Amino acid sequence: MNKTLSIALAGFSFVIEEHAYIKLSDYLKALRGSLEAEEAEEVMHDIEIRMVEILKESLGKREVVNDADIEKII
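Note that the coordinates shown come from a computational prediction; the quantities given were computed from them, not determined experimentally.

J.: Please provide a residue-by-residue account of the sheet that holds strand S3 (residues 64-65), values included.
T.: Read from one edge of the open sheet, three strands run S1-S2-S3, paired in mixed fashion. Only two strands of the sheet have a single neighbouring strand rather than two, namely strand S1 (4-9) and S3. Pairing of strand S2 (residues 12-17) with S3, which is carried by two bridges, proceeds in the parallel orientation. When the bridges of S3 are listed, Val15 appears paired with Val64. Sheet strands in contact with helix H1 (residues 18-34) are S1, S2 and S3, and its direction is about 120° off that of S2. Sheet contacts for helix H2 (residues 37-59): S1, S2 and S3; angle to S2, the most-contacted strand, approximately 65°.

About the cut-offs
- Residues numbered from 1 in each chain as written.
- Predicted model: local features only at pLDDT ≥ 70, side-chain atom pairs only at ≥ 80, totals over all residues.
- Heavy atoms only, no water.
- Pairing = 2+ DSSP bridges.
- Helix = DSSP H or I, 4+ residues; strand = E, 2+ residues; numbered from the N terminus.
- Contact = heavy atoms within 4.5 Å.
- Axes fitted to C-alpha atoms, helices over the stretch in contact; angles between N-to-C directions.

Nothing here speaks to function; it is geometry throughout.
So this is what it looks like as structure tokens:
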């Protein structure tokens, strides 16, 4: 049994396994850190929107985002 969390990504709600959340959070922090401050918000929003699109395609009828889903979007 895996612990799950509820998150919002670009305004969309997802249930995600804890380990997958940590991986996603670390990735997003690294991305944000690599961007210049002036462009960070807009670029991060665009990236998150694309992640949402990929996750919705990957999930199908499943309800919980897992490590494999996060590896796919990374």
